[in-house]
Amino acid sequence: EVQPKPSQPHRYERYIQPCLAELLGSAFFVFIGCLSVLEDTVGTGKLQPALAHGLILGPLISILGDI
């Protein structure tokens, strides 16, 4: 027999999964940003951290955006 799908989403999908996605996304964003500042070459200046934050933002949105 086919079980009917409950009308309300499960507690995990409603509360825990969005919190974990937010934690993971923020952690990656801060981690990549800090790593980009760590190796500061003379010629890049403020461009390297800006590019690193911008380039990590695209994949994070595409991976975690559905949640």
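Values in this document were obtained by computation on a predicted structure and should not be read as measured data.

**Considering the overall build of the protein**
Part 1: Looking only at helices and strands, one finds two helices and zero strands in the protein.
Part 2: Against the globule reference of 11 Å for 67 residues, the protein gives a C-alpha radius of gyration of 18 Å, more extended than a compact globule.
Part 3: Projected onto the principal axes, the alpha-carbon positions of the protein cover approximately 65 × 15 × 15 Å.
Part 4: Out of the 67 residues in the protein, the part that is buried amounts to 13%.
Part 5: Accessible surface, the protein: about 5,900 Å² in total, of which carbon and sulfur atoms supply 67%.
Part 6: Charged side chains in the protein number 4 positive and 6 negative. The centres of these two groups are separated by 10 Å.

**Topic: a nonpolar patch on the surface**
Part 1: A cluster of nonpolar side chains, contributed by Tyr-12, Tyr-15, Ile-16, Leu-20 and Leu-23, occupies part of the molecular surface with about 520 Å² of accessible area.
Part 2: Within the fold, Tyr-12 resides in helix α1 (residues 11–38).
Part 3: Accessibility expressed as a relative area gives 40% for Tyr-12, which makes it partly exposed.

**As for the UniProt feature "transmembrane region" (unreviewed entry) in the protein**
Part 1: As recorded in UniProt, the sites labelled "transmembrane region" (unreviewed entry) are residues 20–38.
Part 2: Across residues 20–38, helical content stands at 100% and strand content at 0%; the span's end C-alpha atoms are separated by 27 Å.

**Considerations on α1**
Part 1: In this model, α1 (28 residues) spans 40 Å end to end at C-alpha, consistent with the 40 Å of a helix rising 1.5 Å per residue.
Part 2: For α1, the principal kink sits at Gln-17 and spans about 35 degrees; a proline, Pro-18, occurs within the next four residues.
Part 3: Tucked into the core, α1 has its buried residues touching α2 (47–64).

**Remarks on the side chain of Ser-36**
Part 1: Along the chain, the position of Ser-36 falls in helix α1.
Part 2: A residue is classified by how much of its surface remains accessible, and Ser-36, at 7% relative accessible area, is buried.
Part 3: At 2.7 Å, the side chain of Ser-36 forms a polar contact with the backbone oxygen of Gly-33.
Part 4: For Ser-36, the contacting residues outside a window of four places in its chain are Gln-48, Pro-49 and Ala-52.

**Notes on the packing of α1 against α2**
Part 1: Close contact between α1 and α2 brings their axes to 9 Å; oriented N to C, the two are set at 160 degrees. One finds that α1 runs roughly antiparallel with respect to α2. The two elements α1 and α2 meet at a crossing, and its hand is right-handed. Contacts from Ala-21, Leu-24, Gly-25, Phe-28, Phe-29, Ile-32, Gly-33, Ser-36 and Val-37 in α1 reach Gln-48, Pro-49, Ala-52, His-53, Ile-56, Leu-57, Leu-60 and Leu-64 in α2.

Reading the values: rules and limits
- Residue indices begin from 1 for each chain and proceed along its sequence in written order.
- Under the rules for a predicted model, residues below a pLDDT of 70 receive no local features and side-chain atom pairs below 80 are neither given nor counted, while totals for whole chains, interfaces and linings still include all residues.
- Hydrogens are left out, water is left out, and the side-chain values use all remaining heavy atoms of the structure.
- Per the convention used, a helix needs a DSSP run of H or I reaching at least four residues, while a strand needs a run of E reaching at least two, with both numbered from the N terminus.
- Only C-alpha atoms enter the radius of gyration, while the globule expectation follows 2.2 Å times N to the 0.38, with N the number of residues.
- Per-residue accessibility, obtained with a 1.4 Å probe over protein chains only, is compared with the maximum for each type, and a residue is labelled buried under 20%, exposed over 50%, and partly exposed between these values.
- Note on areas: these come from Shrake-Rupley sampling with a 1.4 Å probe, and a residue is covered only by the protein chains present in the view.
- Residues counted as positive are Lys and Arg, residues counted as negative are Asp and Glu, and His and the chain ends are not counted.
- Charged side chains are reduced to one point each, which is NZ for Lys, CZ for Arg, CG for Asp and CD for Glu.
- Only residues whose relative accessible area exceeds 30% and that form no salt bridge are eligible for patches; like-charged ones are grouped when within 9 Å, while nonpolar side chains (Val, Leu, Ile, Met, Phe, Trp, Tyr) are grouped when within 5 Å.
- A pairing counts as a salt bridge when a side-chain nitrogen of Lys or Arg comes within 4 Å of a carboxyl oxygen of Asp or Glu.
- UniProt positions are given in the numbering used here, feature names are shortened, and annotations may be inferred rather than shown by experiment.
- Expected helix span is computed as 1.5 Å times (number of residues minus one).
- What is called the bend at a residue is the angle between a pair of axes, fitted to the seven residues leading up to and ending at it and to the seven starting from it.
- Note on definitions: a residue-residue contact is assigned when non-hydrogen atoms from the two residues lie within 4.5 Å.
- Pairing of N or O atoms within 3.5 Å defines a polar contact, subject to two protein rules: one partner must be a possible hydrogen donor and the other a possible acceptor, and residues neighboring in sequence count only if both atoms are side-chain atoms.
- To define axes, lines are fitted to C-alpha atoms, for helices over the stretch in contact only, and angles between the resulting N-to-C directions are given on a 0 to 180 degree scale.
- Note on terminology: angles under 35 degrees are roughly parallel, angles over 145 are roughly antiparallel, angles of 65 to 115 are roughly perpendicular, and the others are oblique.
- By definition, turning the near helix anticlockwise from the far helix through less than a right angle yields a left-handed crossing, and turning it clockwise yields a right-handed one.

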